[in-house]
Amino acid sequence: MALAATWFEASEDVDTQGDVHARWWREEGTALRWLETLPPPAIDASKAMCRSIVTSYVPVNDHGGGQKNSPKTELDKLRNKGLAVVPEHRLQQSRGFPVAIPHDPTVYLVWRRAELDDHHAALERLAAKVTHVGHSASFTQMWVERDCDIAAKWELTDGIATHHLRVPSAGRLGQLVRPYQEAWTIYREIQQAETDLNAMIPPPRMSWRRGFPDAVLLADETQTKRHPAYATAKAGDDSAAATLVDALVSGSGIGAVGLTGKPYSAKLKPSQEQLHELGEKHGRNFEQWWKRHFGHAFDCLTQSEARYLARSPDVDTIRDRLAKAERQRDRPSHARSLKEQKQYINELRDQKSVPPLRPVPGKWQGYTPRLQKVSSEPVPQSIFGPHLVVLGIGGRRVSLPATLKLTAALRGLLMAKCPGQSPREWFSGHGPDGKPTLTPHLALAPLPFVGSQHADGRIMELALVLPNELDAREARHCLEPIIRDHRTGLPREHRLFSGDWLDCAVELETSESRPTNLDPATWTTPFRVWASVTPVVLNRHFDGSDKWERAAESVKDMCGHVGLPRPHEVLLHPVSLVEGVPHAREFPRLTRKRDRGRQSHSHTVVIFDEPVRGPVLIGAGRYRGYGLCRPMTRDYGKAKRW
């Protein structure tokens, strides 16, 4: 759009700069139409430092369009008299100026398999003329590079995207041309209408002063018309007019001076008898109409004008002659009165401010950070995919023991907002018959503040954990309408409310820099040792002296249920190995649906023979936020002692 705006501005000067510039302008338009047919680019952009927004109070340029308010103070009276435009009396409004400064000032839009062909020179010329992108204060230098190896940090995705950005598509330039042409046409019409209005406004007239002398006629009319230069001078020739005056004028007059005319034309000021005759014949209403139309009353007429109006048969004849004279002028707007012309200009200005003149959003494209290169050897992972959809929580936060209530509230929201008449099986966890599905489905998990010295176990964000085999387009089809506004591409905010204990807002997290626990990589990077942050729900109750050994064996089986390899060792304990995680007894027990029995749970450490990729969610409560494990980067000797 920045390139297109620059191209539009150049179009205004094409007709005045010659054939070469016209050819260049056409080539630049062709290059833009080629560019919009390419697939969306990858983006290489660094992170940025965002400056704190400082509210400033700035005098406004528009002081209300002359609107008068009931004056309450002397200052109000001054403003109503038009002094609101003076700096010391101008109202001030708050303004914020957000600024983001990239760590690396160069940003690349990367088309990896695009061949510039004959468009390189045209794009270079056009890019060199770009001064800003977006806001006029965002100064930018733009250029074209070819045959360069750029590893873009942001890649296109067909699934749930971290960011949605507008990208060009075929026909986009045409979409931008139409509102530009409409705006420019209306702007030109306003300019022309204002010019016409100025031409329609007659010079101001004043009433004749008492004793105003007759005009001095410098030459006899018959003698003037016989002069050889008369016809040429009357046609508009300045030199002939000067010759005519030099030949006939020999001295200077006083008062009003004219070269020639009828003897009675020398008397400019109308007599009182003429004004009385004019008023009696056509009435005072006609004088009011005349004043509205021409801006002055009858006492500002010349004697010849007053005589002409008085000799006209009626008012309708005068008005018809005036309308005919106006229609015969060059510009059609002169067929309007002064009042009608002003109204016409206001209508054009209202039309200029219609919202559709602003370009409508184009095609949206999802972008996600480029994943780091991993080993070519496959890494074991569960039925859950590593691409988490993270929702930030605003407002009141709750601690980890409220996980079941929080995920239940979130699930209710998702089910209520799901597009379509019936949610998909992977989305709801139930088949068409209403029974629980036997295939992997959407899981909900808390992302708490844990794993550091001052961690307190508060839930900072929520994660939607998608099945590993789920098609990316299918996920986008169901989730994008819920988490993102399709018109603006911005995240939607939803309220989570449950009784008097929960009232918060959730929306898609798009921050590039996040704390460790809120970074999806923290929960998905391959490791051998994983420790629970929410307790693992056991599949049954164990008794006897070897109950913990049998319970550990059941956890190993649970890992196999979610597609993970059987662990080398499982350790169970009521206290988590992760700092900040509450004791297992603080977490409410899960209730079985079939018999309403309460299931036992415990914190655990799971040790695999080889690194496995997260997220690791195991146990009967894995779809509701229980059994969530965090990788332990330290030696698991501590786990042994634990």
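**Q** Honestly, the packing of aromatic side chains in this entry has me stumped. Any pointers?
**A** Working definition: an aromatic ring pair is given by the centre-to-centre distance plus the angle between the planes. Per the stated rule, a full pass over the model turns up nine aromatic pairs. Measuring from ring centre to ring centre gives 5.8 Å for W7 and F8, while their planes differ by 50 degrees; the resulting arrangement is tilted. Both residues of the pair, W7 and F8, belong to the buried class. Each member of the aromatic cluster is reached from another via a ring pair, and the members are F286, W289, W290 and F298. One Lys or Arg, R319, reaches over the ring of W289 and ends 4.7 Å from the middle of that ring.

**Q** So what exactly am I meant to see when it comes to the pairing of strand β24 (residues 628–631) here?
**A** Consecutive residues of a regular strand have side chains that alternate between opposite faces of the sheet. Of the two faces of β24, both are covered, the one formed by L628 and R630 as well as the one formed by C629 and P631. The sheet contact formed by strand β17 (residues 527–532) and β24 spans three bridges and is antiparallel. For A531, the partnering residue across the bridge sits in β24 and is R630. Examined bridge by bridge, strand β23 (residues 616–617) and β24 share two bridges and lie antiparallel to one another. Within the sheet, the bridge partner assigned to L617 lies in β24 and is L628.

**Q** Mind showing me how you'd approach the side chain of R307 here?
**A** Take R307: it is sitting in helix α11 (residues 303–311). The side chain of R307 sits in the buried core without any salt bridge; E277 is the nearest counter-charge, 8.3 Å away. Residues within four places of R307 in sequence aside, it is in contact with Y264 and Q274.

**Q** Sorry, what's going on with helix α4 (residues 120–128) here?
**A** Within an α-helix, residues lying three or four positions from one another point in the same direction, as the helix has 3.6 residues per turn. Restricting attention to buried positions, one finds in α4 the residues A122, L123, L126 and A127. For α4, the arc enclosing every buried residue in end-on projection is 125 degrees, short of the 170-degree limit, so these residues lie on one face.

**Q** Would you take a moment to explain the packing of helix α1 (residues 2–11) against helix α5 (residues 172–200) for this structure?
**A** How two helices sit against one another is set out by the angle between their axes and by the gap between those axes. Running from N to C, α1 and α5 cross one another at 50 degrees; their axes reach a closest spacing of 11 Å. Put simply, α1 runs oblique to α5. The two elements α1 and α5 meet at a crossing, and its hand is right-handed. Contacts between α1 and α5 involve A4, W7, F8, E9 and S11 on the former and, on the latter, L173, L176, V177 and Y180. A per-class count over the contact of α1 with α5 returns seven nonpolar, one polar and one charged.

**Q** Help me out: how do you make sense of the pairing of strand β15 (residues 493–498) in this one?
**A** Sheet analysis places β15 next to strand β16 (residues 502–508), joined by six bridges and oriented antiparallel. Across the sheet, F497 pairs through a bridge with D503, a residue of β16.

**Q** What is the right way to read empty space enclosed by the protein from this model?
**A** In this approach the atoms are scanned with a rolling probe the size of a water molecule, which exposes any empty space left behind. Following the criterion strictly, the structure yields four cavities of 30 Å³ or more and no others. L391, L410, L413, L414, I482, I483, R492, H494, V506, E507 and L508 are the residues that line the largest cavity. Of all elements in the fold, only α14 (403–417), α16 (472–483) and β16 reach the threshold of two or more residues within the lining of the largest cavity. Split into classes, the residues belonging to the lining of the largest cavity amount to eight nonpolar, one polar and two charged.

What counts, and at which threshold
- Residues numbered from 1 in each chain as written.
- Predicted model: local features only at pLDDT ≥ 70, side-chain atom pairs only at ≥ 80, totals over all residues.
- Heavy atoms only, no water.
- Phe/Tyr/Trp six-rings, centres within 6.5 Å; stacked < 30°, edge-to-face > 60°.
- Buried < 20%, exposed > 50% of the residue type's maximum accessible area, 1.4 Å probe, protein only.
- Lys NZ or Arg CZ within 6 Å of the ring centre and 35° of its normal.
- Helix = DSSP H or I, 4+ residues; strand = E, 2+ residues; numbered from the N terminus.
- Pairing = 2+ DSSP bridges.
- Lys, Arg positive; Asp, Glu negative; His and termini not counted.
- Salt bridge = Lys/Arg side-chain N within 4 Å of Asp/Glu carboxyl O.
- Contact = heavy atoms within 4.5 Å.
- Arc of directions from axis to C-beta.
- Axes fitted to C-alpha atoms, helices over the stretch in contact; angles between N-to-C directions.
- Parallel < 35°, antiparallel > 145°, perpendicular 65-115°, else oblique.
- Left-handed = near helix turned anticlockwise from the far one by under 90°.
- Nonpolar A, V, L, I, M, F, W, Y, C, P; charged D, E, K, R; others polar.
- 1 Å grid on protein atoms, 1.4 Å probe; cavity = no way out; pocket = protein on both sides within 12 Å on 5 of 7 lines; lining within 4 Å.
- Points joined across faces, edges and corners; volume = space filled by probe spheres on them.

Interpretation note: all reported values are geometric properties and have no functional meaning in isolation.
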